[in-house]
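Summary of structural features
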Amino acid sequence: GTEFIDSYVFNKAEYIRFNSTVGRYVGYTELGLKNAEAWNKGPQLGQEQGELERLCKRNAEIYYRAILDKT
């Protein structure tokens with residue numbers, strides 16, 4: 001399957017990530033944990049899921065077709 005990951009980095013360290021397999025934000029630092037908790041309850045989660053539908057699922061079909069055409 002396809003997995004969509006949206007990472008947020010500050011000072012070269014990832015502090016929060018949206019992972020489509022998990023379906024929510026996961027924090028990796030103290031700030032990331034606080035943001036993940038808030039973003040999972042707010043409009044940000046719906047926005048990420050919208051990006052998943054808009055970008056990934058639509059484009060995945062195009063990419064898979066291109067790969068199959070080459071094989």
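Parameters and conventions
- Residues numbered from 1 in each chain as written.
- Predicted model: local features only at pLDDT ≥ 70, side-chain atom pairs only at ≥ 80, totals over all residues.
- Heavy atoms only, no water.
- Helix = DSSP H or I, 4+ residues; strand = E, 2+ residues; numbered from the N terminus.
- Rg over C-alpha atoms; globule rule 2.2 N^0.38 Å.
- Areas by Shrake-Rupley, 256 points an atom, 1.4 Å probe, with all protein chains shown as cover.
- Lys, Arg positive; Asp, Glu negative; His and termini not counted.
- Charge placed at Lys NZ, Arg CZ, Asp CG, Glu CD.
- Pairing = 2+ DSSP bridges.
- Axes fitted to C-alpha atoms, helices over the stretch in contact; angles between N-to-C directions.
- Core = buried A, V, L, I, M, F, W, Y, C linked by side-chain atoms within 4.5 Å.
- Buried < 20%, exposed > 50% of the residue type's maximum accessible area, 1.4 Å probe, protein only.
- Contact = heavy atoms within 4.5 Å.
- Phe/Tyr/Trp six-rings, centres within 6.5 Å; stacked < 30°, edge-to-face > 60°.

Take the overall build of the protein next. When helices and strands are tallied, the protein shows two helices and three strands. The C-alpha radius of gyration computed for the protein amounts to 15 Å, which surpasses the reference 11 Å derived for 71 residues by more than 25%, pointing to a less compact arrangement than a globule. With the principal axes as the frame, the protein shows a C-alpha extent of 45 × 25 × 15 Å. Roughly 5400 Å² of accessible area belongs to the protein as shown, and the carbon and sulfur atoms make up 54% of that amount. Computed over 10 positive and 10 negative side-chain charges, the separation of the two mean positions in the protein equals 1 Å.

Attention now goes to the sheet that holds strand β3 (residues 24-27). Judged by pairing direction, the sheet is antiparallel, and its three strands sit side by side in the order β1-β2-β3 without closing on themselves. A strand with exactly one partner marks an edge of an open sheet, and here the two such strands are β1 (5-10) and β3. Going across the sheet, the axis of each strand differs from the next one's by a mean of 20 degrees, ignoring polarity. Where strand β2 (residues 13-19) meets β3, four bridges bridge the pair, whose relative direction is antiparallel.

The biggest cluster of nonpolar side chains holds ten residues, and these are Phe4, Tyr15, Ile16, Phe18, Tyr25, Ala36, Trp39, Leu45, Leu52 and Cys56. Where this core is concerned, the elements lending two or more residues are β2, α1 (30-41) and α2 (43-70). Residues in contact with tyrosine 15, not counting those within four places in the same chain, are Tyr8, Val9, Phe10, Val26, Gly27, Tyr28, Thr29, Leu31, Gly32, Asn35 and Trp39.

It is worth spelling out the packing of aromatic side chains at this point. In total, this model carries four aromatic pairs according to the counting rule given. Measuring from centroid to centroid gives 5.1 Å for tyrosine 25 and tryptophan 39, while their planes differ by 75 degrees, and the two rings are edge-to-face. Placement of the pair is tyrosine 25 in strand β3 and tryptophan 39 in helix α1, with a sequence separation of 14 residues. For the residue pair tyrosine 25 and tryptophan 39, the accessibility class agrees, reading buried in each case. Ring pairs connect the aromatic residues Phe4, Tyr8, Phe18, Tyr25 and Trp39, which therefore count as one cluster.

Moving on: the environment of leucine 33. Topologically, leucine 33 is positioned in helix α1. When the C-alpha positions of leucine 33 and isoleucine 16 are compared, they lie 7.4 Å apart, and in sequence the two are 17 residues distant. Dropping the residues within four chain positions of it, leucine 33 is found in contact with Gly27 and Tyr28.

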